[in-house]
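Residue-level structural notes
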Amino acid sequence: VVRGADSKSLGALAKEVRELAARGRDKKLKPEEYTGGTFSLTNLGMYGIREFFAIINPPEPGILAVGRVEKRPVVVEKDGKDELRIERRMTLTLSCDHRVIDGALGARLLAEVVRGLEHPMLLVL
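Since the model is a prediction, treat every value here as computed from it, not as a measurement.

With that settled, consider unusual backbone geometry. For the bond running from Pro58 to Pro59, omega is 10°, close enough to zero to count as cis. Unlike most non-glycine residues, Asp79 shows phi in positive territory, near 55°. For Asp79, a relative accessible area of 73% puts it in the exposed group.

Below, the structure is given as structure tokens:
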């Protein structure tokens, strides 16, 4: 669990996550380091999984599942005509507890995540 993530820089977040992951692999995490989260992010993409549906960790209201980045054929419109291109894409799946997060709010959250990934400088500013 990364506490106060909203007030940390990307570099600080990356460093803390690496440290927590290393301690987790070594089975040295304390219970307070993996309980009490408010939202989860899970990444099976690093294991080559294209997409999956993550199960919410109660009492958290949601979890974002991240799949692998891969080249996919994509149809784009250029000068009023469809064009086929190969682009890198990643599948994100958001699971929400609808007692807390309704579908529209979940969709807005996912849209902001996508916007940040498409325009990474927004994550730095």
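There is more to say, and it comes next.
Here the focus is the environment of Gly24. Mapped onto the elements, Gly24 comes out in helix H1 (residues 10-25). Overall, Gly24 belongs to the partly exposed group, its relative accessible area being 32%. Gly24 sits 10 residues away from Tyr34 along the chain, and the two C-alpha atoms are 9.1 Å apart.

Ordered in space as S1-S2-S3, the 3 strands form an open sheet in which the pairing is mixed. The sheet terminates laterally at strand S1 (40-43) and strand S3 (81-96), the two strands that pair on one side only. Put simply, the sheet's adjacent strands are angled 35° from each other on average, direction ignored. Two elements, S1 and strand S2 (residues 62-78), share 4 bridges in a ladder whose sense is parallel. For Asn43, the partnering residue across the bridge sits in S2 and is Val66. The strands that helix H3 (residues 103-118) touches are S2 and S3; relative to S3, the one it contacts most, it runs at about 130°.

With that out of the way, let us pick up H3. Across its 16 residues, H3 extends 22 Å between first and last C-alpha, which sits within 8% of the 22 Å expected from 1.5 Å per residue. Taking the backbone nitrogen of Ala104 as reference, a side-chain oxygen 3.1 Å away marks Asp102 as the first, capping residue of H3.

Between its first and last C-alpha atoms H1 spans 22 Å; for 16 residues at 1.5 Å apiece the expected length is 22 Å, and the two agree. The first or second residue beyond H1 is Lys27, which carries a positive phi of 60°.

We now examine the layout of surface pockets. When its volume is computed, the largest pocket comes out at roughly 2200 Å³. Around the largest pocket, the lining is made up of 44 residues, and of these Val2, Val17, Ser40, Leu41 and Thr42 lie nearest the centre. Looking at the lining of the largest pocket, the elements with two or more residues in it are H1, helix H2 (31-34), S1, S2, S3 and H3. Per-element accounting of the lining of the largest pocket gives the leading share, 8 residues, to H1. A per-class count over the lining of the largest pocket returns 27 nonpolar, 11 polar and 6 charged. Taken together, Glu87, Arg88, Arg89, Met90, Leu92, Val114, Leu117 and Glu118 make up the full set of residues lining the second largest pocket. Taken together, the elements giving at least two residues each to the lining of the second largest pocket come down to S3 and H3. Classifying every residue of the lining of the second largest pocket gives 4 nonpolar, no polar and 4 charged.

How each quantity is defined
- The numbering scheme is per chain: residues are counted from 1 as the chain's sequence reads.
- With pLDDT at 70 or above as the cut-off, local features in this predicted model cover only qualifying residues; side-chain atom pairs require 80 or more to be listed or tallied, and sums for whole chains, interfaces and linings still use all residues.
- Note that the side-chain values use all heavy atoms of the structure and ignore hydrogens as well as water.
- Throughout, exposure labels follow a simple rule: accessible area from a 1.4 Å probe, protein chains only, divided by the maximum for the residue type, with under 20% read as buried, over 50% as exposed, and the rest as partly exposed.
- Put simply, DSSP marks the helices as runs of H or I at least four residues long and the strands as runs of E at least two long, and each gets a number from the N terminus on.
- Here, any two strands with at least 2 DSSP bridges between them count as paired.
- Every axis in this analysis is a line fitted to C-alpha atoms, fitted for helices over the stretch in contact. Angles between the N-to-C directions lie between 0 and 180 degrees.
- In this description, contact between two residues means that some pair of their heavy atoms is separated by no more than 4.5 Å.
- Multiply 1.5 Å by the residue count of a helix minus one, and that product is the helix's expected span.
- Residues adjacent in sequence count toward polar contacts only when both atoms are side-chain atoms; beyond that, a polar contact is any pair of N or O atoms within 3.5 Å, and within protein one must be able to donate a hydrogen and the other to accept it.
- Cavity means a closed set of points on a 1 Å grid over the protein atoms alone, one where a 1.4 Å probe fits but cannot get out, pocket means an open set with protein on both sides within 12 Å along at least 5 of 7 lines, and lining means a residue has an atom within 4 Å of a point.
- Grid points are joined across faces, edges and corners, and a volume is the space filled by probe spheres set on the points.
- Charged residues are taken to be Asp, Glu, Lys and Arg, nonpolar residues to be Ala, Val, Leu, Ile, Met, Phe, Trp, Tyr, Cys and Pro, and polar residues to be all remaining types, Gly included.

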